[in-house]
2 protein chains.
Amino acid sequence: MLYSSIDNKKIKEIKKLNLKKYRDKTNLFLVEGEHLVMEAYKSGYLKELILEQDNDLNLDITTNYVTNNVLKYITNLDTPQSILGICSKTQNDTIKGNRLLILDDIQDPGNLGTIIRSAVAFNVDTIILSFNTVDLYNSKVIRASQGLIFYINIIVMDLTTTIPKLKNEGYQIIGTKVTDGKSLKSIEKKKKFAIIMGNEGNGVREDILSLCDEYLYIDMNKNCESLNVGVATSIILYELDK
Amino acid sequence: MLYSSIDNKKIKEIKKLNLKKYRDKTNLFLVEGEHLVMEAYKSGYLKELILEQDNDLNLDITTNYVTNNVLKYITNLDTPQSILGICSKTQNDTIKGNRLLILDDIQDPGNLGTIIRSAVAFNVDTIILSFNTVDLYNSKVIRASQGLIFYINIIVMDLTTTIPKLKNEGYQIIGTKVTDGKSLKSIEKKKKFAIIMGNEGNGVREDILSLCDEYLYIDMNKNCESLNVGVATSIILYELDK
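Described in the following lines is the structure provided in the data block. What you see is a predicted model; the values in this text were computed from it and never measured.

**Some words on the sheet that holds strand S7 (residues 126–129) of chain A**
Residues and elements named next belong to chain A. The parallel open sheet is built from seven strands, whose spatial order is S8-S7-S6-S11-S9-S12-S10. The open sheet has two free edges, formed respectively by strand S8 (153–156) and strand S10 (182–183), since each of these has just one partner strand. Taken together, the six bridges between strand S6 (residues 99–104) and strand S11 (residues 193–198) define a ladder with parallel strand orientation. By the bridge assignment, Ile102 is partnered in S11 with Ile196.

**So, helix H7 (residues 159–168) of chain B**
Residue and element names in this part refer to chain B. For H7, every residue scored as buried is listed here: Leu159, Thr162, Ile163 and Leu166. End-on, the buried residues of H7 take up no more than an arc of 100°, which puts them together on one face. Exposed side of H7, more than 90 degrees from the buried face: Lys165 and Asn168 are the residues found there. The inward-facing, buried residues of H7 abut strand S6 (99–104), strand S7 (126–129), strand S9 (172–176), strand S11 (193–198) and helix H8 (206–209). Phi turns positive, to about 90°, at Gly170, one or two residues after H7.

**Some details on the relation of the copies chain A and chain B**
Note on the identical chains: chain A maps onto chain B by a rotation of 180° and an axial translation of 0.0 Å, with an RMSD of 0.0 Å. The relationship between the two copies is best expressed as a two-fold rotation axis. A high fraction, 100%, of the interface residues of chain A reappear at the interface in chain B, so the copies pair face to face through one surface.

**Side note on the environment of Gly97 of chain A**
Relative to the helices and strands, Gly97 of chain A is located in the loop between strand S5 (83–88) and S6. Sequence separation between Gly97 of chain A and Lys192 of chain A is 95 residues, and the spatial gap between their C-alpha atoms is 8.1 Å.

**Brief notes about the nonpolar core**
Counting 110 residues, the largest nonpolar core has Leu101, Ile127 and Ile195 of chain A together with Leu101, Ile127 and Ile195 of chain B as its most contacted members. Leave out the neighbours within four places in its chain, and Ile127 of chain A touches Leu101, Leu103, Ile116, Ala119, Ile152, Asn153, Ile154 and Ile155 of chain A. One finds Leu100, Ile128, Ile163 and Ile196 of chain B within the second-largest nonpolar core, a separate group that totals 17 residues.

**A word on helix H3 (residues 34–42) of chain B**
Along an α-helix, residues three or four apart share an orientation, since each turn contains 3.6 residues. All names here are of chain B. All of the buried residues along H3 are Leu36, Val37, Glu39 and Ala40. Projected onto a plane normal to the axis of H3, the buried residues spread over an arc of 160° and lie on a single side. Residues of H3 that are buried in the fold lie against strand S2 (28–32), strand S3 (46–52), strand S5 (83–88) and helix H6 (139–144). Positive phi appears at Gly44, one or two residues downstream of H3, with a value of about 80°.

**Considerations on the pairing of S5 of chain A**
Residue and element names in this part refer to chain A. When you tally the buried positions in S5, you get five out of six residues, the bulk of the element. Here strand S2 (residues 28–32) runs beside S5; their pairing, made up of five bridges, is antiparallel. Along S5, the bridge assignment pairs Val31 with Gly85. Bridge count for strand S3 (residues 46–52) against S5 is five bridges, and the pairing is antiparallel. Counterpart to Leu51 in the pairing with S5 is Ile83.

**Some remarks on the interface of chain A and chain B**
Taken together, the contacts link 28 residues of chain A with 28 residues of chain B. Approximately 2400 Å² of surface area, both sides summed, lies buried where chain A meets chain B, with 61% of it carried by carbon and sulfur atoms. On inspection of chain A and its partner chain B, the count reaches two salt bridges. Among the secondary structure elements, those contributing two or more residues to the side of chain A that touches chain B are helix H5 (109–121) and helix H9 (229–240) of chain A. The element that contributes the greatest number of residues to the side of chain A that touches chain B is H9 of chain A, accounting for six residues. Across the side of chain A that touches chain B, the residue classes tally to 13 nonpolar, nine polar and six charged.

**What to know about the pairing of strand S4 (residues 62–66) of chain B**
Residues and elements named next belong to chain B. Two elements, strand S1 (residues 2–3) and S4, share two bridges in a ladder whose sense is parallel. Within S4, the residue paired with Leu2 across the bridge is Tyr65. Across five bridges, the pairing between S3 and S4 is parallel. Across the sheet, the residue bridging to Leu51 is Tyr65, located in S4.

What counts, and at which threshold
- Counting starts from 1 at the beginning of each chain's written sequence and moves along it residue by residue.
- As they are written, the chains are lettered A onward and the ligands numbered 1 onward, keeping that order.
- Whole-chain, interface and lining totals are the exception, using all residues; otherwise, since this is a predicted model, local features are given only for residues with pLDDT of at least 70 and side-chain atom pairs are given and counted only at 80 or more.
- Hydrogens and waters are ignored; side-chain quantities use all the structure's heavy atoms.
- Between any two strands, at least two bridges found by DSSP are needed for them to pair.
- Where helices and strands are cited, they refer to DSSP runs of H or I of at least four residues and of E of at least two residues respectively, numbered from the N terminus.
- With a 1.4 Å probe rolled over the protein chains alone, any residue whose accessible area is under 20% of its type maximum counts as buried; one over 50% counts as exposed, and the rest are partly exposed.
- Throughout, the arc means that of the directions going from the helix axis to the C-beta atoms.
- By definition in these notes, contact holds between two residues if any of their heavy atoms fall within 4.5 Å.
- Superposition of the copies used a least-squares fit over C-alpha atoms from residues whose pLDDT is at least 70 in both.
- For the purposes of this section, nonpolar cores are sets of buried Ala, Val, Leu, Ile, Met, Phe, Trp, Tyr and Cys residues that join through side-chain atoms within 4.5 Å.
- Once two parts are joined, some of their accessible surface, as seen by a 1.4 Å probe, is lost; buried area is that loss totalled over both.
- Salt bridges, as used here, are contacts in which a Lys or Arg side-chain nitrogen is within 4 Å of a carboxyl oxygen on Asp or Glu.
- For this classification, the nonpolar set comprises Ala, Val, Leu, Ile, Met, Phe, Trp, Tyr, Cys and Pro, the charged set comprises Asp, Glu, Lys and Arg, and every other residue, Gly included, is treated as polar.

Here it is as structure tokens:
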């Protein structure tokens, strides 16, 4: 079917998926561009395709064709992609594996996407997001993750109740501070660990830090107060993957 | 003096500094926000202050007051800062130190800023930018660098003529590829080295790679094709700073 009017009810519903409120309500989210759509398809997340008319993608998936005008209406991007996908969120609250990354209120979608990409690169098993972390299904997060959001177990949980449980299950809980604690270069990791990274401006919250077994920091030149949180997380995950 | 009209010639000249063309012509650039203005001041780059009326900053520097309307006209930011600075570029083409970072056509201003921040953190002496790298004085670069642009020697040069000279001077020239070469974990660095990072989409250009002594890559999970270039650069600089 070809949709040519932005007044169409289905088109209006699709556009609303740019807002967290509607993603939460419907358990759906949008991905834009062929690369992300194909990653969503291969991982079983893709539910429906949206193609600009005269495009084709040979997938056995419900396909909606739209005019360029409708495409521009739906998209968040300055340069709209001619291939979009509607995906289903997965419902999941199972912590898997030995190598956990906990993110405490990361706000920037580019940072969260970059961190997800690096977490896949360095073999993290599960990422746990605090409730106030930026929405995982924000289109900027998905783009910055380069579609790797589909390749790793990611769950949203209350950290103050989750961390003590992890401790009981034998995970080493490692907090991060800008200077205090052990240098990353000297850290001795256990088989099961959870590393906690904090918000861009404020770092890890005090009540979360108080739950940690130890703390680590990255040695750096005194002219640099701190690193970008995506960079700091990636360096730590790289080092812990050795 | 208080400027209240966006038709004022000086105000128009200041606004033009958002464009590379005018920054090149005047050798001036803008910084926005108190933190960046203070970093520029401490490093001797600050030439004039622009303050929203009723603000004050106790610096011995020519100060221009503007109305909120004029401020909104000048700024590139969604939320204008009430403190701006006009800075002088430094003219410099001296390669200093033993630890060099060469950037071959990095395009994203956020990536360049992040890389500068990490280069300061991990004790790089000089950053050399190819001619087609995004403009160092782009406001997004300066913001992402957190003002650390003022704390490191950065020069723009033709890479194909510069790299052979560095080789003659005894620098170990290390190219980066996504998979080929030596693993970062096994690299043996010499006292004098230059590490070359490439463009976001295409990596280091072939003719630049052909000038290298050796190549390195970062070990990662096969589900991840590559890392964000800011992240990859930071991990390499972290490892080489040990």
